[in-house]
Each structure stands twice: as C-alpha cells, then as structure tokens.
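Summary of the model geometry
For reference, the chains in residue letters:
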Number of protein chains: 2
Amino acid sequence: MIKCVKCGEVDAIAKSGIIRGKQRFYCKRCDYYFTQPSLLSPETHHHRRHQTTIMDIASALQISKSTVSRALQGHSDINANTRKAVLDMAHQLDYQPNLLALGLAKSRSFTLGIIVPEFINSFFPYIIIGAQQVANPAGYHVIICQSNESLDTEIANTNVLMASRVDGVVASVTAETKSLDHFHKFQRAGIPLVMFNRICDGLDVSKVLVDDYDGAYRGVEHLIQQGCTRIAHLAGPQNLQVGKQRLQGYLDALRKYGLPVYDELIVYYNLTKTSAQAAARQLLELPTLPDSIFAVNDPAAIETILIAKSKGIKIPSELAIVGFSNEPTSALIEPGLTTLAQPLDEIGKTVVQLLLHEIESEDDVLVPRTEILKTQLIVRGSSLRKPLVS
Amino acid sequence: MIKCVKCGEVDAIAKSGIIRGKQRFYCKRCDYYFTQPSLLSPETHHHRRHQTTIMDIASALQISKSTVSRALQGHSDINANTRKAVLDMAHQLDYQPNLLALGLAKSRSFTLGIIVPEFINSFFPYIIIGAQQVANPAGYHVIICQSNESLDTEIANTNVLMASRVDGVVASVTAETKSLDHFHKFQRAGIPLVMFNRICDGLDVSKVLVDDYDGAYRGVEHLIQQGCTRIAHLAGPQNLQVGKQRLQGYLDALRKYGLPVYDELIVYYNLTKTSAQAAARQLLELPTLPDSIFAVNDPAAIETILIAKSKGIKIPSELAIVGFSNEPTSALIEPGLTTLAQPLDEIGKTVVQLLLHEIESEDDVLVPRTEILKTQLIVRGSSLRKPLVS
DNA sequence: CTGTTAGCGCGTTCAT
DNA sequence: ATGAACGCGCTAACAG
C-alpha cells in the first residue's frame, strides 16, 4: 500500500522505475514523483554499490529510458535539445553503459577472446598489442587468456570464453595440444575462430602464419653459406605445424645442398625451458659435435648458447647458431643471435582483421582464409664466420 | 493466432519458453508441446548463433527453468534424480552459463580488472600470472588492460572496466600519471581498488609494494662496499613513489657512508627505452665519469650496459652497475647484471588476496592495508670488483 | 519525435 | 520439491 507523500492518494500511484536501488513512484493525481523512504540506514545504503544507468538519467530528466537510449546511441530522429540534455546529464552522472546488459540485449558482447600459451617471452605480447590496435578502434575489447602451456588450462580458457559469450576467438595452442575438441565448441556455437602461429591439423578455420618452411630453409641455407656442413636441428613438437614446417625447411635445405641428414643431429623439445636445456645438452654432448645448430625458436637457441658457453665451446667458430623469431634478448646476448624476424605487430593485426571480417560477415558460409607472412633473416654474430656476400 | 499442431485447438494455447530462437507453445487441451514452424530456411536458421541456456535444458526435460537453475547450483532441496537428469542434459548440450546474464542478475560480474603500463618486459606478466593463480580458484576471471605507458589509454582502460562492471580492480599506473581522477571513479562506485608497484600519492587504497627504499639503499651500499665513491643514479619519474623511494634510498646510503652527492650524477628518465638511452648517454658523456651507476630498474641498467660497452667502457672495472627487479635478461647479458630481485609471484598473489578480501567484506568501512615485501640483492658480474664478504 | 512493451538468460522470492 | 513471476540494464519493435 503506497501513499503519495504529497497528497496522500492511494489509488492513482504508478511505479516509475527504480532509482539508486529505491523504487520510484508517480502520483497521477497530484503529478508528483517520489521514492519510498528507505528502510536501510543512510550509511548502509550509501555502501550499496550502484552505477548510473539510463534509468537514472531518464528520471532525472523526467523522460523515458528509450529516449535516453536513443540519444546516447546518436539516433537521428531525436530532438537536438533532448539529446543535449541527455548527454549532459550522462556526463554529469558519470554514466558508463553496462556492457553486461548491452551484451545480453544484443546477444553480442563486443568482446574478443585471445588464447596464448604464455606471455613471458615478448613474442605473444607484441602480437597481442597488434591485435588490440585493430580490435579497440573497431569497438571490441579483448579478454586475454594464457594457457601456461597446459592443455587443461587451455580447455578451461575456452570454457571461460564461451561463458563470456565472446564474439570471436583468436588462439595459439599449447605444445601439448593434439586433440582440438575444445575448439570445435566455438564452431558449433557459430563463434568465429582464427588461429595463428601455433596451429595443428584438423580444424577448418582461418589462419595467420609466417612462412615457417621458407624461414627455416633460409636460416639453414645461411649456415651452409657460412661453411657449416654438420648442421643440427633443435626441433619443436611435431603435433604443431610450426614444428613440422621448420623441420621440413631444415631437411630440404640440407638435401638441396647435398648435405647428409644425421638422425642424431635432430632432437626435439616441448617448448619449455628445461626441455630446451636438455635438448641442447644432448646435442653438445655428442661424440662428434655438430658445427652448427638451427633452433626452432629463439628461447631454445639462447639456452643453447648459454650451455655452449658454459662448456667453453666457441661461438660461432666452433658452433654457429641460428634461431627463429628475433626476440629482443637475441640482440642482447653475446654473441648476438642470428635469427628470422617475424612481423609480430602485423600478425596481431591480421588475425583480428580476419576475425572481424568473419564476425561481421552476413554470409552463411565462410571460406576460411590463410594469410602467410614473410620472415626476415637477421644476421648477427652467432653465425658469422665469413663476411656477408651482398 | 496460434493453432495446436496436434488437435487444432486455438484458445487453450500457452507460451512455454523459447527454444533455439523459436517460441515454444503448450496446448492445455491435448497436453502437447510444440514450436511454431520457423519462417526461416533451415540453413539460415542453422547459421543463427545460439548457445545452450537453462531454458533449453528445461524444455528438453519438460521441467521449469527454476528447477534447472537450482539443480545446476547444487541447491539441496532438489530431487536427486532431477538433479542428475539436469546435469546430464547440461553436459550433453554442452551448457555454459551465460556470464553476461549471470552478472546482470546478480549485479556482480565475477571479473577482476587489471591495469598495467606494459607487458613486454616480463615484470608485469609474472605478476599477472601470480594474480591469476589466486583469482581463478576463487571463481573470478581477469581482464588484462595495458595502458602502454599512455595516460589517455589508462583512462580508457578504467572506463572499459567500469563498463564491464568488474568487481574489483588492480592497477599499476603509467609513468605520466599524476592526477588520479580516473581512479576515483572506482571509489565512488564502491568498486575496490588495490594498487601495486607504481603508485602515486593521493589515493587512499590498499597497496602492495616492495621495500624500494631499502632495496635501493642496499644496492648502493653494495656499490660502496665494492669501493665505488662516485656513484650516479639513473632515476625514475618523481611523481611515482617507486621513483622517489629509490632515489631516497640512494641518497641516504651515500650520506650514511659520508659520500658526497653530486647533482650532475642524478638523471631522470620516463621509463621509455629511448629516454633510458638518453639518460645513460648523459651520464656516460660527463667530463668526469661516475665509477658506478645505480639504475632505478633493469631495463634502464641494461641500456646503460649496452651504451657503455659501445663506448668501450669496461664493466665493472671502470663502471659498476646495479639495477632493480631481476628481469630474466639481466642474467643473460654480459657481464651479468647485479640487481634487486622482487618476489613477483608473491606480489601478484598478495594484490588479489587484498582485493578479494575487500570485495567479499561485509564491512561498511574498509581500512586500506599496505603490504610491503622484501627484495633480495642478486650479485652478478656488473658490480663485482672484489670478492664478496660473506 | 517520444513513450510503451517485450525479451536477452539468469537467480530469486513467492507460492504451492 | 517444483513452478510462476519479477527484475537486473539495455535495445528494438511497435505504437502513437
């Protein structure tokens, strides 16, 4: 039983939205808005969290929330004065749209998910920055998940992104990811997915890659041109395309130049630091040392350099080394690490461009696209035995 | 005008939820559930995104969504068979709760925001990993924002987090952040905020810091013990407590040991790489060189080493260097960089623990807490002129 | 140009 | 033990 606080009327009372947690009423008889006295003490009430809503703006201005909504969205058929009043009030009340409500209403969260195996090395961070540079201006923000090279965590990440109703997903899988069931969820739910760098077979989605085969080939070719003949490969996991392609580039370069392939010169590692150290030790403790090593990535190459140095092996004269990715540390270490630079920023941007294309496409059937970017050989001291031929 | 597809009845038709985008009906006369034939072609309809909801589970099982909701939450007063059926169906339909709806209904997003200036160096990534290790088990997930050392981006980040209705925020500000208006928003909205590492004055919130003063003091003391007397300081921005505290530790160590303070030996930088290089050059081009440099952090120390080496200055004999933070690169560079290690993992965990405490506190008034963690001096070649006294 | 209404998916009284 | 009804904040379709 609500009584008008002004005239005492009981029957002509209508509800009129809720303000700051309190029900607001309107007395039709005396044209008066009021709220029911709160039962909570003022302090307690103050502690109650509340962020401004369009309803707050609406009742402050005595207009309907639809009008507020339209004004805020820049709808054209709205009175200029009304719009200004709304925008001013929104600013005054420090209004921030509730993205939860917005997402629920539009069935779109304007959020992209990005899953990376780690972000300790600067490889993925640079890609993420590139991704954000495209996503943010387009009105999307990004949830970053790191699987920490663990398949279980990766699966948990996909569930979180599903639950968050992201509009699209960008992913680079862990070294131990072989089955892709957890990614099929996105396809079943119609959520576009684009993979980059670390992909595995069996998923028909758009991809952004660098030409790993070509990069590896050129890296090994460079070693050959430096006079190396007994070239080892510290290889990556073979469930990942990166691992396979770079191994293939290595093999083909050897064959092309008529060098023999020795099985004991190919060792595999699982992308963890300890595994890299073990693999490097294995190569550097062979009865007959290799004269050079092509490592599948820079972190592995750097561990190799450290171990070689600790063993007193001279780089590059006794052992030349080439890595892959041009991590910032590869310029710091001595000697500098020869490596294949990847266009990280461009990878990040391209991934999100492909993703947004799919999200905003009206087409029923989307043909997955694959973008392949070029790598660039950066020659530093770790491989330089002869002056470079230009 | 809806007609029962079974008996043709028109009047006894009730709406019964919506399944996969289609309105579902119930004929009271013949006890038959049906959906209206879709006007869309099957393919188009299939393309329509849909993720399983409790309503889908409910109508698959012919029960109400309230029951499903309760079963899913593990409510006690629910029939064991019903619960099992619900859980099985949820699994079968690959149900993931809609966090947008959940957040809207409960006015809590179960999301924490974390703002860092950058994540190219591994300092912040390690802290983020520690933060996630506490947040995730507690049922929260984390939105990571990077301000890229830009105040404007930082302000935008705070707005995104406000709009996402995060339950709490963890932040480390940019080098150019002086005013804190954009953080006051969180306080006004009753959203707990905890700051770490980079804080500035004028915000009465909980904080997690390392003992910067003490670390700086011990770093400089170490240089003095190595026989250095003309010790320079490559200092950080003085709007940040880190910058001030480390400068103060430097000054007090000099005074304590009776060494003079030369103004020209204190140069400031704004935490960007180019600024670090400029500052290092300034010090290394003085008419009388310093015999050692205490840098406010490792990136600055490393730039200093590189420039010193390029100038042929011998480290540590002509120039000893001490950094701060124990970045992984400080172990790689030659000579190894002496530095003060910070417990990054612990910082991340502590920050989120404080934050969760505030979020879940029932108290009206929260007394901000400040946790100060210890640093550890790691001595490497960059400062080692004498054998260490144990 | 503006107000009214329904519904997005979920938890939560209030009934039964 | 279960169902119906409401509201969280917002957009959009439908009336004027």
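As the structure is a prediction and not an experimental result, all values here were calculated from the model.

1. Focus: the pairing of strand 9 (residues 231-235) of chain A
Residue and element names in this part refer to chain A. Of all five residues in strand 9, five are buried; the element is thus mostly enclosed. With burial as the criterion, each face of strand 9 is covered, one bearing Ile231, His233 and Ala235 and the other bearing Ala232 and Leu234. Two elements, strand 9 and strand 11 (residues 292-295), share four bridges in a ladder whose sense is parallel. The residue bridging alanine 232 from the neighbouring strand is isoleucine 293, located in strand 11. Alignment of strand 9 against strand 10 (residues 266-268), held across three bridges, turns out to be parallel. Paired with histidine 233 across the bridge in strand 10 is isoleucine 266. On the question of chirality, the crossover connecting strand 9 to the parallel strand 10 by way of helix 10 (residues 241-256) is right-handed.

2. A word on the sheet that holds strand 7 (residues 193-196) of chain B
All names here are of chain B. Taking strand neighbours across the sheet as the criterion, the six strands line up as 5-4-6-7-8-14 in an open arrangement whose pairing is parallel. Every interior strand has two partners, whereas the edge strands, strand 5 (141-146) and strand 14 (370-373), have only one. Put simply, the sheet's adjacent strands are angled 15° from each other on average, direction ignored. Pairing of strand 8 (residues 206-210) with strand 14, which is carried by four bridges, proceeds in the parallel orientation. Counterpart to lysine 207 in the pairing with strand 14 is threonine 370. Along the sheet face, helix 14 (residues 344-360) touches strand 4 (111-116), strand 6 (168-171), strand 7, strand 8 and strand 14 and points at about 170° away from the line of strand 8.

3. Observations concerning the UniProt feature "domain: HTH lacI-type" (unreviewed entry) in chain A
In this structure's numbering, the residues bearing the UniProt feature "domain: HTH lacI-type" (unreviewed entry) are residues 52-106 of chain A. Annotation note: span residues 52-106 of chain A, helix share 69%, strand share 0%, distance between end C-alpha atoms 20 Å.

4. Re the protein's contact with DNA strand D
The local shell around DNA strand D holds 27 residues, among which Ile54, Lys65, Ser69 and Tyr95 of chain A together with Thr67 of chain B are the closest. When atoms of DNA strand D within 4 Å of the protein are split into backbone and base, the sugar-phosphate part holds 60%. Measuring from a phosphate oxygen of DNA strand D, one finds a backbone N or O atom of isoleucine 54 of chain A at 2.6 Å. Here a base nitrogen of DNA strand D sits 3.3 Å away from a polar atom, N or O, in the main chain of alanine 101 of chain A. Of all the secondary-structure elements, those providing two or more residues to the surface near DNA strand D are strand 1 (13-19), helix 3 (65-73) and helix 5 (99-106) of chain A together with helix 3 (65-73) and helix 5 (99-106) of chain B. Looking at the surface near DNA strand D element by element, the count peaks at five residues for helix 3 of chain A. Counted by class, the surface near DNA strand D contains 10 nonpolar, 10 polar and seven charged residues.

5. Comments concerning the interface of chain B and chain A
Each partner contributes residues to the interface: chain B has 53 residues there, and chain A has 53 residues. With both sides pooled, the region where chain B packs onto chain A buries about 4900 Å², and carbon together with sulfur makes up 57% of that total. If you look at where chain B meets chain A, you find four salt bridges. Its residues placed into classes, the side of chain B that touches chain A shows 25 nonpolar, 17 polar and 11 charged.

6. Let's talk about the relation of the copies chain B and chain A
Its rotation angle being 180°, the transformation that places chain B on chain A also includes 0.0 Å of axial translation and leaves an RMSD of 0.1 Å. The relationship between the two copies is best expressed as a two-fold rotation axis. Residues of chain B ranked by C-alpha distance from the rotation axis are headed by leucine 100 of chain B, positioned 2.4 Å from it. A symmetric contact is evident, with 100% of the interface residues of chain B recurring at the interface of chain A.

7. Observations concerning the side chain of histidine 233 of chain A
Along the chain, histidine 233 of chain A falls in strand 9. If sequence neighbours within four positions are ignored, histidine 233 of chain A has contacts with Arg246, Leu247, Tyr250, Leu265, Ile266, Val267, Phe294 and Val296 of chain A.

8. Remarks on the side chain of arginine 230 of chain B
Assignment of secondary structure puts arginine 230 of chain B in the loop between helix 9 (212-225) and strand 9 (231-235). When sequence neighbours within four positions are dropped, the list of residues in contact with arginine 230 of chain B reads Tyr262, Glu264, Leu265, Thr288, Leu289, Pro290, Asp291 and Ser292 of chain B.

9. A look at the environment of glycine 258 of chain B
Here glycine 258 of chain B is to be found in the loop between helix 10 (241-256) and strand 10 (266-268). Sequence separation between glycine 258 of chain B and threonine 229 of chain B is 29 residues, and the spatial gap between their C-alpha atoms is 9.7 Å.

10. Things to note about unusual backbone geometry
Residues and elements named next belong to chain A. The residue after glutamate 334, namely proline 335, is reached through a cis peptide bond having omega -5°. Within the fold, proline 335 resides in the loop between helix 13 (329-332) and strand 13 (339-341). Of note, the phi angle at serine 325 is positive, near 125°, even though the residue is not glycine. Relative to the elements of secondary structure, serine 325 occurs in the loop between strand 12 (320-322) and helix 13. Overall, the relative accessible area of 9% leaves serine 325 in the buried class.

Thresholds applied
- Each residue is numbered by its place in its chain's sequence as written, counting from 1.
- Here the convention is simple: chains get letters from A, ligands get numbers from 1, in the order in which they are written.
- Owing to the predicted nature of the model, reporting of local features is limited to residues with pLDDT of at least 70; listing and counting of side-chain atom pairs is limited to 80 or more, with chain, interface and lining totals taken over all residues.
- By convention in this description, side-chain values take in all heavy atoms of the structure and omit both hydrogens and water.
- Relative accessibility decides the category of a residue: with a 1.4 Å probe and only protein chains considered, values under 20% of the type maximum give buried, values over 50% give exposed, and everything between is partly exposed.
- Numbering of helices and strands runs from the N terminus, with a helix taken as a DSSP run of H or I at least four residues long and a strand as a DSSP run of E at least two residues long.
- For two strands to pair, DSSP has to find at least two bridges joining them.
- With strands facing away from the observer, any crossover in which the path from the first strand over the helix to the second runs clockwise is taken as right-handed.
- A fitted line through C-alpha atoms serves as each axis, taken over the contacting stretch for helices, and the angle formed by two N-to-C directions is quoted from 0 to 180°.
- Whether two residues are in contact is decided by their heavy atoms, any of which lying within 4.5 Å being enough.
- UniProt positions are given in the numbering used here, feature names are shortened, and annotations may be inferred rather than shown by experiment.
- Proximity criterion: a residue is near a molecule or strand once any of its heavy atoms comes within 4 Å of it.
- For the purposes of these results, a polar contact is taken to be a pair of N or O atoms within 3.5 Å, where, inside protein, one atom must be able to donate a hydrogen and its partner to accept one; residues adjacent in sequence count only when each atom of the pair is a side-chain atom.
- Three categories are distinguished: nonpolar for Ala, Val, Leu, Ile, Met, Phe, Trp, Tyr, Cys and Pro, charged for Asp, Glu, Lys and Arg, and polar for the others, with Gly belonging to the last.
- Once two parts are brought into contact, the accessible area they lose, counted with a 1.4 Å probe and summed over both, makes up the buried area.
- Whenever a carboxyl oxygen of Asp or Glu lies within 4 Å of a side-chain nitrogen of Lys or Arg, that contact is scored as a salt bridge.
- Least squares is the method for superposing the copies, and the C-alpha atoms it fits come from residues with pLDDT of at least 70 in both.

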